[in-house]
Amino acid sequence: HLIYMNSLWNIATNKLIESLAVAQRKCLRFVYNKYSYSPSRELFSEKTLPFHCLNDLNILVLVFKIKHKLIKVNVNLPLVQDAHQYPTRQANNFRLQKQETNFGRKNFFHRGLLQYNNLPAEYKIIRNLDLFKRKIRQYLLNAYLREHC
């Protein structure tokens, strides 16, 4: 149930999101029969992502689907190349509007497009959805483990 509509949880407070992450770790320790002080690193794998990564994965997959027209939406997502008549290094990134408030910065589309823009180029050139999901799962898990464990 942690993944139900989790893409929209961006606007939740950090305290609430962290409490959900703690609940996930407690549940995984119970399921895997681990001690309550066992490290989180042992709980997560490509099949069981940390709560923060689940949110990021769903957002990035949705942006991928929108970019490659795998789903129909009534949202125009302009690229940087649409603003310039000359090539730039950021040409294939999405053009973001400046957000003045925290609510705007946590906005689903703003956060998703920003995360997609920040992906290494090797992930942005992938055209197959299943391959993208596999690679992004591993990328997010590795990033989480580097940062938190």
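Preceding block: the structure.
Rules used throughout
- Residues numbered from 1 in each chain as written.
- Predicted model: local features only at pLDDT ≥ 70, side-chain atom pairs only at ≥ 80, totals over all residues.
- Heavy atoms only, no water.
- 1 Å grid on protein atoms, 1.4 Å probe; cavity = no way out; pocket = protein on both sides within 12 Å on 5 of 7 lines; lining within 4 Å.
- Points joined across faces, edges and corners; volume = space filled by probe spheres on them.
- Helix = DSSP H or I, 4+ residues; strand = E, 2+ residues; numbered from the N terminus.
- Nonpolar A, V, L, I, M, F, W, Y, C, P; charged D, E, K, R; others polar.
- Phe/Tyr/Trp six-rings, centres within 6.5 Å; stacked < 30°, edge-to-face > 60°.
- Buried < 20%, exposed > 50% of the residue type's maximum accessible area, 1.4 Å probe, protein only.
- Salt bridge = Lys/Arg side-chain N within 4 Å of Asp/Glu carboxyl O.
- Core = buried A, V, L, I, M, F, W, Y, C linked by side-chain atoms within 4.5 Å.
- Contact = heavy atoms within 4.5 Å.
- Expected span 1.5 Å × (residues − 1).
- Polar contact = N/O pair within 3.5 Å; in protein donor to acceptor, adjacent residues only side chain to side chain.

Q: Would you explain the layout of surface pockets in this entry?
A: In this model, the second largest pocket occupies a volume close to 280 Å³. Lining of the second largest pocket is provided by 13 residues; of these, D56, L140, A143, Y144 and E147 occupy positions nearest its centre. Within the residue set of the lining of the second largest pocket, elements represented by two or more residues are α2 (51-67), α4 (108-118) and α6 (129-148). When residues in the lining of the second largest pocket are grouped by element, the largest group, 6 residues, is from α6. Classifying every residue of the lining of the second largest pocket by side-chain character gives 7 nonpolar, 4 polar and 2 charged.

Q: Looking at this structure, how should I read the packing of aromatic side chains?
A: Geometry of an aromatic ring pair is reported as the spacing of the ring centres plus the angle between the planes. Tallied over the full model, the rule gives 4 aromatic pairs. Summarising the aromatic geometry, the rings of F64 and F132 are spaced 4.4 Å apart at their centres and angled 20° between planes, so their arrangement reads as stacked. Within this pair, whereas F64 is found in helix α2, its partner F132 is found in helix α6, the two being separated by 68 residues in sequence. The pair F64 / F132 is uniform in exposure class, with both members buried. Pairwise contacts between aromatic rings join F64, Y116 and F132 into one cluster.

Q: Any chance you could explain the pattern of salt bridges here in plain terms?
A: Two side chains of opposite charge can pair, provided their charged atoms sit close to one another. Taken as a whole and assessed by the stated rule, the structure comprises 3 salt bridges. Put simply, R25 and E18 hold a salt bridge, and the shortest N to O gap is 3.1 Å. Relative accessible area serves as the criterion here: at 15%, R25 is assigned to the buried category. The partner of R111 in a salt bridge is D56, with the nearest N and O atoms 2.7 Å apart.

Q: When you look at the nonpolar core in this model, what are you seeing that I'm missing?
A: The tendency in soluble globular proteins is for nonpolar side chains to be buried side by side. In this structure, L60, Y116, L119, F132 and I136 are the most contacted members of the largest nonpolar core, which totals 28 residues. Residue assignment for this core shows that the elements contributing at least two residues are α2, α4 and α6. Element by element, the count of residues in this core is highest for α2, at 9 residues. I136 has contacts with L57, L60, L119 and Y123, leaving out every residue within four places of it along the chain.

Q: How should I be thinking about α6 in this particular structure?
A: A rise of 1.5 Å per residue sets the reference length of α6, with its 20 residues, at 28 Å; its end C-alpha atoms lie 28 Å apart and thus fit the reference within 8%. Residues of α6 that are buried: L129, F132, I136, L140, L141, Y144 and L145. For α6, the elements touching its buried residues are α1 (14-31), α2, α4 and α5 (121-124). The backbone nitrogen of D130 has a side-chain oxygen 2.9 Å away, supplied by the residue at the start of α6, namely N128.

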